[in-house]
2 protein chains.
Amino acid sequence: MRIDAVDFFYLSMPEVTLEADGSQDALLVRVAGDNGIVGWGECEASPLTSIAAFVAPRSHGVCQPVSASVIGERLDDVDDIGRISALVQRNSMDLLQAPHTYSGVEAALWDLLGKVREQPAWSLLGYETAFGKTPYASMLFGSSPEQTRHDVLDAVERGFRAVKIGWGPYGTGTAAEDADHLAAAREALGAEGLLLVDAGQIWGEDVAAAAERVASLNEQNVTWLEEPFFPDSYGSYAQLASRSGRVRLAGGEGAHNVRMALNLIDHGGIGYVQIDCGRIGGLGAAKRVADYAVGAGVTYVNHTFTSHLALSASLQPFAGLRDHHICEYPAQPKQLALDLTTTRLTPDHNGLVFAPEAPGLGVEVNPAVFAQYGVAVRIEVGGEVLFASESSVPDRAQVLR
Amino acid sequence: MRIDAVDFFYLSMPEVTLEADGSQDALLVRVAGDNGIVGWGECEASPLTSIAAFVAPRSHGVCQPVSASVIGERLDDVDDIGRISALVQRNSMDLLQAPHTYSGVEAALWDLLGKVREQPAWSLLGYETAFGKTPYASMLFGSSPEQTRHDVLDAVERGFRAVKIGWGPYGTGTAAEDADHLAAAREALGAEGLLLVDAGQIWGEDVAAAAERVASLNEQNVTWLEEPFFPDSYGSYAQLASRSGRVRLAGGEGAHNVRMALNLIDHGGIGYVQIDCGRIGGLGAAKRVADYAVGAGVTYVNHTFTSHLALSASLQPFAGLRDHHICEYPAQPKQLALDLTTTRLTPDHNGLVFAPEAPGLGVEVNPAVFAQYGVAVRIEVGGEVLFASESSVPDRAQVLR
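Here the structure is a predicted model, which means the values were calculated and not measured.

Considering the overall build of chain A
Okay, so step 1: What chain A contains, in helices and strands, is 15 helices and 13 strands.
Okay, so step 2: Here the C-alpha radius of gyration of chain A, 21 Å, is about what a compact globule of 401 residues would show, namely 21 Å.
Okay, so step 3: By its C-alpha atoms, chain A is 60 × 45 × 45 Å across when sized along the principal axes.
Okay, so step 4: Burial status across chain A gives 65% buried among its 401 residues.
Okay, so step 5: Contacts spanning at least 24 positions in sequence make up 73% of the contacts within chain A whose residues lie at least 6 apart.
Okay, so step 6: For chain A, the exposed surface amounts to about 13,400 Å²; the carbon and sulfur share of it is 49%.

Right, dumping it as structure tokens:
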């Protein structure tokens, strides 16, 4: 088939706060083939900026908008997706936002091709089986240790045996205050539960500040410390990794290409590589990281804080890796993220989450979400309308196709 | 003073081609203090996308638009610029385009502070003297060796003793064809001239393909081979560096933060680090790279392919480094880039280029450029106008202030 159209849908909660909660808005992408079939994807990024990177006028040969490498291209087999990805990489080399924009488009290409082939994306990616993953509840630190205890307890009561807490006050006060939060979380989770901590880059490149937390992290038997530093501060990662005791380092969500993730493995000494399919360039790029992680003895984990469409996309690249069984699962998303799909990837009776068996990403977008959360966008350059969302909000027939 | 307003001006040639020539459009930034003084900067990026990254609605706490960290901030001394840069880095962590947008803003902050203090930016950056630099003519390979010879000869006739040729057919055909281009360039330049080659990332991560060119590069006494690979393919850089003979590797223009440039030094084995102040986060970020390069025994070089406003910005961070004397100089820019400023940084009677002694960036923007090259932009989100260039094209008084 030929790629006929790519449309973007900016969705948002009525109020967007300063919480580190990426589920407050969303950018949905719909790719339509000339056979009338559509695929869906989601970008994890600033919606307006990502739309601009798709429609912007060309600046020069390697600063072309993402659209230039996608619209009108053939999509007949898996290799076409890799070919289009390489085109975007070359033609949009100097357009920094391009990987975030393209990530949602690429996911939609897998969804579209999977629907045509009647195969799930993980099968197109070369896996024979989608193994169950142990979901961890991904949540923010409370404003106090009591609030953190309360939130972790809530996750435990909902059946989670693994919890990750991050951001909020962690790293912003003293090491003793951080230790109190960890103790509260461990108490609520119980001795057997898997406890993970996300520092949200709070220490920048300051290895000493991070090292002050190593004792309490080990004391509470934390499995990984995530993103202590900037995503490409490989030297800082390596230094902390050499003195973090039983606690391993995790990172990679900030990677906007395959190399950034591989560098974190090669030069940063991480034990867990966390990939967001909505940022790294899509499922194909994520699969390359997964393959490399297997060879390097590093565990692959998805990064997902938003909808179940994004969750399905993020599960595909490591669906067939039995030993890489931890899965980030949005535990406190905003209502928008929940309403975005009619399909939900809920844990089975063993508490495991699976990538869908249905074709493509196997997730149905909820047609009602556009009217309820849609944000109109209009971009004019030089008197020409480059983007107008009003004219392209999908009707029900298109969504269900 | 307080930062009262930041305005963007999208300028473009009537036709933008697929050449790898970044001087075909421009994004000018004007920052106004509450004292009525204005500073100017330039972003090296897709203008529409960079404007969007400034005005986009917030997605969450660390995906805020660049404006959130700039408008209303105090700017009283040099430390304020570093403080604002750190704010942008934190608050726009998940907005990929942010460093490209902020780079132009940051340059304008130095220009503004320099005008208030009546000091050139290089003096504010801590240098006592601005040393002369040897400009190299930066140009594209011709479509044939004959065309390359002709273009290099033209540069020689205009007084250049150093030439860099890049992009075009280089690396896209056989190693023998590339060797013919180099031989033609060397013949035109003469045995004494400094010859530099820019591969424009053409080999991706393919070390073997790059290595096939090592013999001809050495034979023509080329000083550096620039950007053979993706900007963060550190392993590929290191492998080629170990077998490139007398030819050193150069890279760094793709760095959109300090760490990327430092990683290329630490892990890539480059001999020359090339920084574009319009991408890396501005002059302060570039100065950090320059300081590190000095310590690491690596030569700092600016990356500049556009206007003399961008050239002045790019000269400031290494103006005081006497031994780092090579300077990229746009030799074939489009008319827009030439018309953009009334001030021109022309080589002196010794053929050397200097960062201006005038306050700030020391370059006057040409008021006529807005009417001739201005591109109207209008961005509406949720019924609200977030950006409308028509209402903010500067009058002459503002420009000359």
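So, the environment of A:T17
Okay, so step 1: Structurally, the position occupied by A:T17 is in the loop between strand 1 (3-12) and strand 2 (25-33).
Okay, so step 2: Given the relative accessible area of 24%, A:T17 is considered partly exposed.
Okay, so step 3: Filtering out sequence-adjacent residues up to four positions away, A:T17 remains in contact with A:Q24, B:R58, B:H60 and B:G61.
Okay, so step 4: Side-chain polar atoms of A:T17 contact the backbone nitrogen of A:E19, separated by 3.2 Å.

Side note on the relation of the copies chain A and chain B
Okay, so step 1: Mapping chain A onto chain B calls for a screw motion: a turn of 180° about the axis and a shift of 0.0 Å along it, with 0.0 Å RMSD after fitting. Both chain copies can therefore be described as sitting about a two-fold axis.
Okay, so step 2: Take the interface residues of chain A: 100% of them recur as interface residues in chain B, which is what a same-surface contact looks like.

A word on helix 3 (residues 98-117) of chain B
Okay, so step 1: End to end, helix 3 of chain B covers 28 Å across 20 residues, agreeing with the expected 28 Å (1.5 Å per residue, within 8%).
Okay, so step 2: Immediately beyond the C-terminal end of helix 3 of chain B, within one or two residues, lies B:E118, with a positive phi of roughly 55°.

So, the interface of chain A and chain B
Think of interface size as the accessible area that goes away when the parts come together; that is how it is often given.
Okay, so step 1: Across the boundary between the two partners, chain A contributes 64 residues, which contact 64 residues of chain B.
Okay, so step 2: Buried surface at the junction of chain A and chain B, summed over both partners, amounts to about 4,900 Å²; 56% is from carbon and sulfur atoms.
Okay, so step 3: At the junction of chain A with chain B, the criterion picks out 6 salt bridges.
Okay, so step 4: Here B:E205 and A:R288 are joined by a salt bridge, their closest N and O atoms 3.7 Å apart.
Okay, so step 5: At the junction of chain A and chain B, the tally comes to 24 residue pairs in polar contact (both at pLDDT 80 or more).
Okay, so step 6: Elements that contribute at least two residues to the side of chain A that touches chain B include exactly helix 1 (47-55), helix 2 (78-91), helix 3 (98-117), helix 10 (258-268) and strand 12 (377-381) of chain A.
Okay, so step 7: A total of 6 residues in the side of chain A that touches chain B trace back to one element, the largest contributor, which is helix 1 of chain A.
Okay, so step 8: Considering only residue class, the side of chain A that touches chain B consists of 30 nonpolar, 20 polar and 14 charged.

Focus: the sheet that holds strand 3 (residues 38-43) of chain B
Residue and element names in this part refer to chain B.
Okay, so step 1: Here 3 strands make up an open sheet; going across it, the order is 1-2-3 and the pairing antiparallel. Only two strands of the sheet have a single partner each, and these edge strands are strand 1 (3-12) and strand 3. Neighbour-to-neighbour, the strand axes of the sheet open up by a mean angle of 20°, direction not taken into account.

Considering the sheet that holds strand 2 of chain A
Pairing between sheet strands relies on hydrogen bonds along the backbone, with the strands arranged either parallel or antiparallel.
Residue and element names in this part refer to chain A.
Okay, so step 1: Spatial strand order, 1-2-3: 3 strands in an open sheet with antiparallel pairing. The sheet is open, and its two borders are formed by strand 1 and strand 3 (38-43), each paired with just one other strand. Between one strand axis and the next, the sheet turns by 20° as a mean value, whatever way the strands run.
Okay, so step 2: Judged from the 9 bridges that link them, strand 1 and strand 2 form a sheet pairing that is antiparallel.

About the thresholds
Every chain is numbered on its own, with residues counted from 1 as its sequence reads. Key to labels: chains lettered from A, ligands numbered from 1, both in the order written. Only residues with pLDDT of at least 70 are given local features in this predicted model, and only at 80 or more are side-chain atom pairs given and counted; all residues enter the totals for whole chains, interfaces and linings. Water and hydrogen atoms play no part in the side-chain values, which are based on all heavy atoms of the structure. In this text, helices come from DSSP runs of H or I with a minimum length of four residues, and strands from runs of E with a minimum of two, each type numbered from the N-terminal end. The quantity called the radius of gyration is restricted to C-alpha atoms. Its globule counterpart is 2.2 Å times the number of residues to the power 0.38. Residue exposure (1.4 Å probe, protein chains only): buried if accessible area is under 20% of the type maximum, exposed if over 50%, otherwise partly exposed. Every residue pair with non-hydrogen atoms within 4.5 Å of one another is taken to be in contact. Here the accessible surface of atoms and residues is derived via Shrake-Rupley with a 1.4 Å probe, and residues count as covered only by protein chains that are part of the display. For the purposes of these results, a polar contact is taken to be a pair of N or O atoms within 3.5 Å, where, inside protein, one atom must be able to donate a hydrogen and its partner to accept one; residues adjacent in sequence count only when each atom of the pair is a side-chain atom. Residues below a pLDDT of 70 in either copy are left out; the C-alpha atoms of the rest, at least 70 in both, set the least-squares superposition of the copies. Multiplying 1.5 Å by the helix residue count minus one yields the expected span of that helix. When two components associate, each loses some accessible surface as probed by a 1.4 Å sphere; the sum of these losses over both components is called the buried area. The term salt bridge refers to a pairing of a side-chain nitrogen on Lys or Arg with a carboxyl oxygen on Asp or Glu at a separation within 4 Å. By the convention adopted, Pro, Cys, Tyr, Trp, Phe, Met, Ile, Leu, Val and Ala count as nonpolar, Lys, Arg, Asp and Glu as charged, and the other residues, Gly among them, as polar. Strand pairing is assigned whenever DSSP identifies at least 2 bridges connecting the two strands. Note on geometry: axes are C-alpha line fits, over the in-contact stretch for helices, and angles between N-to-C directions span 0 to 180 degrees.

None of the figures reported here should be taken as evidence of function without further support.
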